[in-house]
Amino acid sequence: MPILKRTHFGNPILRKKAKEISLREITTPAFKKLVRQMFGAIQNIGVGLAAPQIGKSIRLAVIDIHPLPHRPDVTPIKRVLINPEILKYSKETESEYEGCLSFDGVRGSVPRSTSVKVCYYNEKGEKCIETAVGFLAKVFQHEIDHLNGVLFVDRMKDMKTLMTAQEYSKRILNQ
Ligand code: ZN
């Protein structure tokens, strides 16, 4: 399977509002292949990927949360989000370090709502309404932001927390 080419910050596609997907398109072999390729692209390197990050300005993102050694509280989960929308953000927020596959080797602390209510279509074209909390809620917010041209650095309140992944593992992860 050909490797998807990732886009990086500075690329205008990451700043565009991505286009809605027609529900008819979901059933096509090309679309199913794209979803499979996106899951393949994040295997072992990330927990989520939005289509603009592979140069496609459409409202599609995949989430694949695998067991994280430093986060025993995180439940493994897989999601395909088609035309997702956040219906409700909790007032309560929490700051946590994030990275992004469009920012190789960069981390920064981002305040996000601790829970969100999300509406999306899954890979079968079924409408889903889900309330996510904790880590999953943050991944939903990060990926859906991508579809609206918003990057995690835009959400940062303290730019002094921006650091390389190397400094992050030295100073934050192994604290
Ligand atoms: Zn990202």
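Located above this text is the structure these notes cover.
The rules we used
Residues numbered from 1 in each chain as written. Predicted model: local features only at pLDDT ≥ 70, side-chain atom pairs only at ≥ 80, totals over all residues. Heavy atoms only, no water. Helix = DSSP H or I, 4+ residues; strand = E, 2+ residues; numbered from the N terminus. Buried < 20%, exposed > 50% of the residue type's maximum accessible area, 1.4 Å probe, protein only. Donors = N, O, S within 2.8 Å, 3.2 Å for Na, K, Ca; no water. Polar contact = N/O pair within 3.5 Å; in protein donor to acceptor, adjacent residues only side chain to side chain. Salt bridge = Lys/Arg side-chain N within 4 Å of Asp/Glu carboxyl O. Expected span 1.5 Å × (residues − 1).

> Looking at this model, I keep getting lost on unusual backbone geometry. Mind explaining?
One non-glycine residue, N44, adopts positive backbone phi at about 70 degrees. Assignment of secondary structure puts N44 in the loop between α1 (29–42) and β1 (48–50). On the basis of relative accessible area, N44 is assigned to the exposed category, the value being 72%. A positive phi angle is found at N83, which is not glycine, with a value near 45 degrees. Mapped onto the elements of the fold, N83 is located in strand β3 (residues 77–89). On the accessibility criterion, N83 (10% relative accessible area) is buried.

> How do you make sense of the coordination of the zinc ion when you look at a structure like this?
Those protein atoms acting as donors to the zinc ion are C100 (SG), H142 (NE2) and H146 (NE2), and they sit at 2.1 to 2.3 Å. One chain supplies every donor for the zinc ion, spaced along it as C-x41-H-x3-H. Remark: H146 occurs in helix α2 (residues 134–147) and C100 occurs in strand β4 (residues 93–100); sequence separation between them is 46 residues. According to the relative accessible area criterion, C100 is buried, its value standing at 8%. Its relative accessible area of 1% is what places H146 among the buried residues.

> I'm lost on the side chain of T7 in this one. Help?
Along the chain, the position of T7 falls in the segment before α1. A polar atom in the side chain of T7 sits 2.8 Å from the backbone oxygen of P52.

> How should I be thinking about the pattern of salt bridges in this particular structure?
Counted under the stated rule, the structure contains 10 salt bridges. Across the pair K138 and E94 runs a salt bridge whose closest N-O atoms are separated by 2.3 Å. Placement of the pair is K138 in helix α2 and E94 in strand β4, with a sequence separation of 44 residues. Because the salt bridges share partners, they merge into one network encompassing E98, R112, D145 and R155.

> How do you make sense of α2 when you look at a structure like this?
For an α-helix the count is 3.6 residues per turn, leaving residues at separations of three or four pointing the same way. A rise of 1.5 Å per residue sets the reference length of α2, with its 14 residues, at 20 Å; its end C-alpha atoms lie 21 Å apart and thus fit the reference within 8%. The element α2 is largely enclosed, with a buried count of 13 among its 14 residues. In the stretch just after α2, G149 is the one whose phi turns positive, near 75 degrees.

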